[in-house]
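# A look at the structure
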Amino acid sequence: MKKTFYVTTPIYYVNSHPHLGHLYTTIVADTVARYKRQRGFDTFFLTGTDEHGQNIERAAAAAGLPVKQHVDNYVAEFQEAFARFHLDHEHSGYDFWIRTTSDIHKAGASELWRRVRDNGYIYKGQYEGWYCVGCNEFKPENETKPGPDGVPICLQHERPLDKVAEESYFFKLSEFQDKLLAHYEKYPDFIRPEVRRNEMLSFVKSGLNDLSVSRVSVKWGIPVPDDPQHTMYVWFDALSNYITAMGFGNDHFGGEVHFKKYWPADLQLVGKDILRFHTVYWPAFLMAAGVELPKTVFAHGMWLSGGRKMSKTIGNVIDLDVLSKHFTRDAVRYFCLREMVFGQDGDFTYEALLGRVNSDLAEGLGNLSSRTLTMVRNYCGGEVPALGQAASDELSAQAAEVGEAVTRAGAEFDQAFDAYSFSRGLEAVWAAIARVDKFISDAKPWDLAKAEEKRGSLDLVLYTAVEALRHFAVLLAPVLPESAQAIWEQLGESSNVRDVAPSTLVWGGREGGTQIGEVKPIFPRLDKKKIMEEIKQDEAASQSARAQENITQAAPTEAAAAANASASTSSVTEAAPGVAYIGIEDFLKVELRVAQVLTAERVPKADKLLRLTVDVGEPQPRQLLAGIAQYYEPEKLIGRKIIVVANLAPRKLRGFESNGMLLAASVGEEGRPVLAGFLEDVPNGAKLK
Ligand code: MSP
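Residues numbered from 1 in each chain as written. Predicted model: local features only at pLDDT ≥ 70, side-chain atom pairs only at ≥ 80, totals over all residues. Heavy atoms only, no water.

## Notes on the packing of helix 12 (residues 329–339) against helix 15 (residues 422–443)
Cut-off, in case you're wondering: Inter-axis angles, ranging from 0 to 180 degrees, are taken between N-to-C directions of lines fitted to C-alpha atoms, where helices are fitted over the stretch in contact. Secondary structure is summarised from DSSP: a helix means a run of H or I of at least four residues, a strand means a run of E of at least two, and numbering begins at the N terminus for each. Roughly parallel refers to an angle under 35 degrees, roughly antiparallel to one over 145, roughly perpendicular to one between 65 and 115, and oblique to any angle outside these ranges. Any two residues whose heavy atoms approach within 4.5 Å at even a single point are treated as in contact. We call Asp, Glu, Lys and Arg charged. Ala, Val, Leu, Ile, Met, Phe, Trp, Tyr, Cys and Pro are nonpolar, and the rest, Gly among them, are polar.
Orientation of helix 12 relative to helix 15, taken along the N-to-C sense of each, is 110 degrees, at an axis distance of 7 Å. On the basis of the axis angle, helix 12 is roughly perpendicular to helix 15. Residue-level inspection shows Tyr334, Leu337 and Arg338 of helix 12 in contact with helix 15, the latter providing Phe422, Ser423, Leu426, Glu427 and Trp430. The residue makeup of the contact of helix 12 with helix 15, split by class, is five nonpolar, one polar and two charged.

Here you go:
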């Protein structure tokens, strides 16, 4: 029987537009699926959408839409975005798109609940605590900071938590501490990479509390079996998608038989931000239900933009419309896999993407392909030369060495991809591309072509280059599906390169005397300056559109009123592209005051922080902490007039309470702070407006 391989992505929340972070996981999963299929595995690739929970219920209300319509709209948007990048079923991408609002999913999740419950791991109790709808998680105190009116704020989402005090079902997570640790010990590959495994080990070792797994105050979700007053905790619901999609607890794809064929999953890809759910809760639910555990959960790093995680909340996301307008699908795939060391964080910049496209794709693979095939066309009448005539000994030795280097790169590529080290695998191939390039440049076929007696040498150079390209096309098919196929066809091959198993590749396997196809450029060089300018304009336009949408979503009636007002008066100026205007009332919420630094000192063990006391014109000085220690000597600040935001909620940093924030310009790439101040003398406490 064929070996199977089952790979999953997380299912995406339908409350934010798809961005590079979402695309990334799906591209990685798609590449792995193609890689395994090409190597003969019966592969299943699952992705989908996470559509329940309070956050989505609220987003729909804010948009003024019935929840079902709201989620349908977003699902369509995600599916369209993934299709644009050819990650959909039609383009040999994912095999199935699971929706948590589907009947099969609801049936499967309910079955999982029943099994866990019937095995004695669920009990009813009372929950009291603070819940973050962004994280979909109850928050312990150390993951919050104090907010106004005693309502704590989620550190991750920077927004106030909801107080929850209600009847709840609990899952006996505390009973799984030893079982989980034993599993991690026995299967070191269960959590990867190593650094994440260690984090989870210490998290579990520090003790596990039982987990609240139902809510009575949330309606948008799956009712708890036999107690429909309760709605399943959204992570219990969402995590079960990996099995419900495959026929667990339903008759989808033939139900149990299909499920057993593919489960346990071979690879569950997740971002490191959701690792705990996948390596603590998920395996505990499965153990409790008596279902096997996935083989590997691999946590990848985050794409950063401007040094911070790309996210809707921060608003620094890379827009897929802009990305797809300026770059080919293959270029984006290549960049994602090559630039980010899989498992680590990576910074996304368009400059870096343009750099990779031009150096690795246009000048590297593209140039090798077009120069080789153009020479075959010009010097050999479009026929791959047959190796009959003698070549010089030195050249024969070099050609043999190139053959070995390419074959070795193939083995290294597979080894690296089997270990999910995508960038390493690509580096191996690109080193071989450079080797072949050098071989051609040293042999100078354009000179050899001038002398008939050098025909044997010319044939050998071009045959070797063609053979190398043939190998590269096969190897790179999972990463660059369209370009690999294009090179394949230009080589004169008629099959589909994704069906060619690399194990069947033999050096020298291409028959001589056969025609190549039509030669066309594969990766045109991009004009960096021009494209950067266009991107800046596109980004500004799309940010402005999003900002407008956020205003509409946050307060549909106010937005409608504002729209009416601007229609009836000419004094309201329309926002220029890239500018999200605020009203004066928004600005007035921020209390800016003149302050004078009274004392300043470094904070022990925090090399960026200074602790200041400042006079803000109040009876008592205030303490505030500022991340400027690397740029300002504390003693030089004393007496200086600065500007502070005086009504910012107090916040604790390194054990000190900070009561306000000073204003500084952020300069250069490193964001060097330069304090704001005044030329004239101003009294402490004076208000800025
Ligand atoms: N719905 C949950 C997952 C449930 S799985 C049973 C969720 N959804 S999400 O839409 O917020 O995130 C989905 C995936 O996108 C996560 O793996 C997350 O790590 C990934 N990314 C979101 N932003 C990202 C970056 N900036 N960079 C890389 N991946 C990121 O969490």
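## A look at empty space enclosed by the protein
What counts is decided by this rule: Buried and open spaces are told apart on a 1 Å grid over the protein atoms alone, a cavity being a set of points where a 1.4 Å probe fits but cannot get out and a pocket being an open set with protein on both sides within 12 Å along at least five of seven lines. Residues with an atom within 4 Å of a point are the lining residues. Grid points are joined across faces, edges and corners, and a volume is the space filled by probe spheres set on the points.
The tally for this structure, following the rule as stated, stands at two cavities of 30 Å³ or more. Contributing to the lining of the largest cavity are 13 residues, with Gly53, Tyr131, Val218, Met232 and Val234 lying nearest its centre. In the lining of the largest cavity, the residues fall into six nonpolar, six polar and one charged. Here the second largest cavity defines a volume of roughly 30 Å³. Elements that contribute at least two residues to the lining of the second largest cavity include exactly helix 17 (455–476) and helix 18 (481–490). Partitioned by chemical class, the residues of the lining of the second largest cavity number seven nonpolar, one polar and no charged.

## Considerations on the sheet that holds strand 12 (residues 214–215)
This is how it is decided: Two strands make a pair as long as DSSP finds a minimum of two bridges between them.
In spatial order, the strands read 12-14-13; together these three strands make up an open sheet with antiparallel pairing. Each edge of the sheet is formed by a strand with only one pairing partner; in this case those strands are strand 12 and strand 13 (223–224). Relative to strand 14 (residues 227–232), strand 12 runs antiparallel, the two sharing two bridges. Following the sheet pairing, serine 214 is matched in strand 14 by methionine 232.

## Concerning the site of the ligand
Applied cut-off: Being near a molecule or strand, for a residue, means having at least one of its heavy atoms within 4 Å of it. Under this definition, polar contacts are N or O atom pairs within 3.5 Å; protein pairs additionally need one hydrogen-donor-capable and one acceptor-capable atom, and for neighbouring residues in sequence, both atoms have to be side-chain atoms. Each accessible area value is a Shrake-Rupley result obtained with a 1.4 Å probe; residue values ignore everything except the protein chains displayed when judging cover.
Close to the ligand lie 24 residues; Ile11, Asp50, Gly271, Asp273 and Trp303 are nearest. Note that an oxygen atom of the ligand is positioned 2.9 Å from one of the backbone N or O atoms of glycine 271. Contact distances for the ligand include 3.0 Å between a nitrogen atom and a backbone N or O atom of methionine 310. Taken by itself the ligand offers 660 Å² of open surface, and the protein chains cover 94% of this. Among the secondary structure elements, those contributing two or more residues to the shell around the ligand are strand 2 (12–13), helix 1 (20–38), helix 7 (234–239), helix 8 (241–244) and strand 15 (267–271). Here the shell around the ligand gets three residues from one element, more than from any other, and that element is helix 7.

By themselves, these are just geometric observations and shouldn't be taken as functional.
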